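Structural characterization, general
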Amino acid sequence: MNKIFHGDSLEVLKNIEQESVQLVFADPPYNLSGKNLKTKNSKTGGDWSKVNETWDIMEEQDFIEFNNNWISLSKDVLKPNGSIFIACSLHNIGEVTMGLKLNNFDIKNIITWQKTNPMPNMTRRVLTHSTEFIVWAVKGKNWIFNYEILKELNPEKQIDGALKQMRDVWNFPLVQGKERIHGADGKAIHPTQKPEKMLEWIIKGFSNENDVVLDPFCGSGTTCKVAQNLNRYYIGIERELKYIQVINNRLFHQNKIEQLEFKNTLFEFLLN
Ligand SMILES: C[S@@+](CC[C@H](N)C(=O)[O-])C[C@H]1O[C@@H](n2cnc3c(N)ncnc32)[C@H](O)[C@@H]1O
């Protein structure tokens, strides 16, 4: 428990105890890198791309198989009443929902994340992309759905001020300001850092204290940090060493008392 694994989730997931995890949150590769916009006579330092990472480039058939495989392995580690949440966009929602269906997950909601501060569209040939999705699916019956907690979290209220059911459209800004982790060069350290509030709503709404929350693509460690704050156990998997160091910092600075334990127990270098 409370471990970050450095390695490929397709391998690491096989080493995690079966049926031990209550909630999987995954923000997998969207397969949209390598498609730079060639800007003619660019004066801004070169081609424009939103995300351009080697972990985010696959042939379509490989990408379909990759999604099917990690979703299948995630199902093995989920408890019979466990839930999976998968972040995606128009680029990969097809492969994600196909992977869930092939593995007999029951899709319950597709949450639309409406970004209140989307990036402008540089091509000027399509509408500004201002949404991403989070697909929620369950493995079996009796899933956790903390209805009252979600009502309390909902910023929208009834006309008389009473609490209102949480809907499937969530409004958050892209991570910015103090929450965004920057490197020494002043640039954002991870291109797809997710808002902590999104994880807070998912973890509070769909798991209970002392449950295990697992993120197979944990990037800068958002899920693990929020799970830790909310008294859940966490397991994170990340392939890139540079991000392991970011997670290290993020969890370490949050709770200095854990520093000593952290050195002994937090890291397990399964691969490499
Ligand atoms: C979309 S990002 C996740 C960002 C994360 N939600 C956050 O808030 O920082 C996906 C992450 O998965 C990692 N990754 C890609 N393929 C992987 C694999 N097969 N196994 C483990 N990690 C992988 C990438 O290095 C990247 O950091």
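Residues numbered from 1 in each chain as written. Predicted model: local features only at pLDDT ≥ 70, side-chain atom pairs only at ≥ 80, totals over all residues.

Counting its secondary structure elements, the chain contains 8 helices and 9 strands. Counting only residues that meet the buried cut, the chain has 33% of its 272 residues in that class. (Helix = DSSP H or I, 4+ residues; strand = E, 2+ residues; numbered from the N terminus. Buried ≥ 20, exposed ≤ 12 C-beta atoms within 10 Å, placed from the backbone.)

Glancing now at helix H6 (residues 222–229). Every α-helix carries 3.6 residues per turn, so stepping three or four residues along brings you back to the same face. Of all 8 residues in H6, 6 are buried; the element is thus mostly enclosed. All of the buried residues along H6 are Thr222, Thr223, Cys224, Lys225, Val226 and Ala227. Among the residues trailing H6, asparagine 231 stands out with phi positive, at a value near 60°.

Below, the discussion takes up the site of the ligand. Looking at the ligand, there are 19 residues lining it, with Asp27, Phe217, Gly219, Ser220 and Thr222 nearest. Going through the elements one at a time, helix H1 (9–12) and strand S8 (233–238) are the ones with two or more residues in the shell around the ligand. Considered class by class, the residues forming the shell around the ligand number 6 nonpolar, 7 polar and 6 charged. (Near = placed C-beta within 6 Å. Nonpolar A, V, L, I, M, F, W, Y, C, P; charged D, E, K, R; others polar.)

Here the phi dihedral of asparagine 2 falls at roughly 50°; this positive angle occurs in a residue that is not glycine. Judged by local crowding, asparagine 2 falls into the partly exposed class, with 18 C-beta atoms found within 10 Å.

Structurally, phenylalanine 172 can be placed in strand S6 (residues 169–172). The exposure class of phenylalanine 172 is partly exposed, given the 16 C-beta atoms found within 10 Å. Those residues in contact with phenylalanine 172 that sit more than four places away from it in its chain are Trp113, Thr116, Pro195, Lys197 and Met198. (Contact = placed C-beta atoms within 7 Å.)

To continue, consider the pairing of strand S7 (residues 212–215). Of the two faces of S7, the one lined by Val212 and Leu214 and the one lined by Val213 and Asp215 are each fully buried. Here 2 bridges tie strand S2 (residues 21–26) to S7, and the two strands are oriented parallel to one another. Across the sheet, residue leucine 23 finds its bridge partner in S7, namely valine 213. Relative to S8, S7 is paired through 4 bridges, and the arrangement is parallel. Looking at the pairing, valine 213 lines up with tyrosine 234 of S8. (Pairing = 2+ DSSP bridges.)

Attention shifts here to the packing of helix H2 (residues 60–77) against helix H3 (residues 93–102). Two elements in contact, H2 and H3, have axes separated by 8 Å at closest approach and are oriented at 45°. In terms of their interaxial angle, H2 and H3 are classed as oblique. With respect to the hand of their crossing, H2 and H3 are arranged in right-handed fashion. Facing Phe63, Ile64, Asn67, Asn68 and Ile71 of H2, the residues of H3 in contact are Glu95, Val96, Met98, Gly99, Leu100 and Leu102. A class-by-class count of the residues in the contact of H2 with H3 yields 7 nonpolar, 3 polar and 1 charged. (Axes fitted to C-alpha atoms, helices over the stretch in contact; angles between N-to-C directions. Parallel < 35°, antiparallel > 145°, perpendicular 65-115°, else oblique. Left-handed = near helix turned anticlockwise from the far one by under 90°.)

Right, let's get into the confidence of the model for the chain. Counting all residues, the mean pLDDT for the chain is 87, and 84% of those residues have values of 70 or more. Taken together, the stretch residues 42–49 has pLDDT below 50 and engages in 11 contacts with residues farther than four places along the chain or on a different chain. Within the model, the stretch residues 255–272 combines pLDDT values under 50 with 22 contacts to residues more than four positions away or in other chains. (pLDDT = per-residue confidence, 0-100.)

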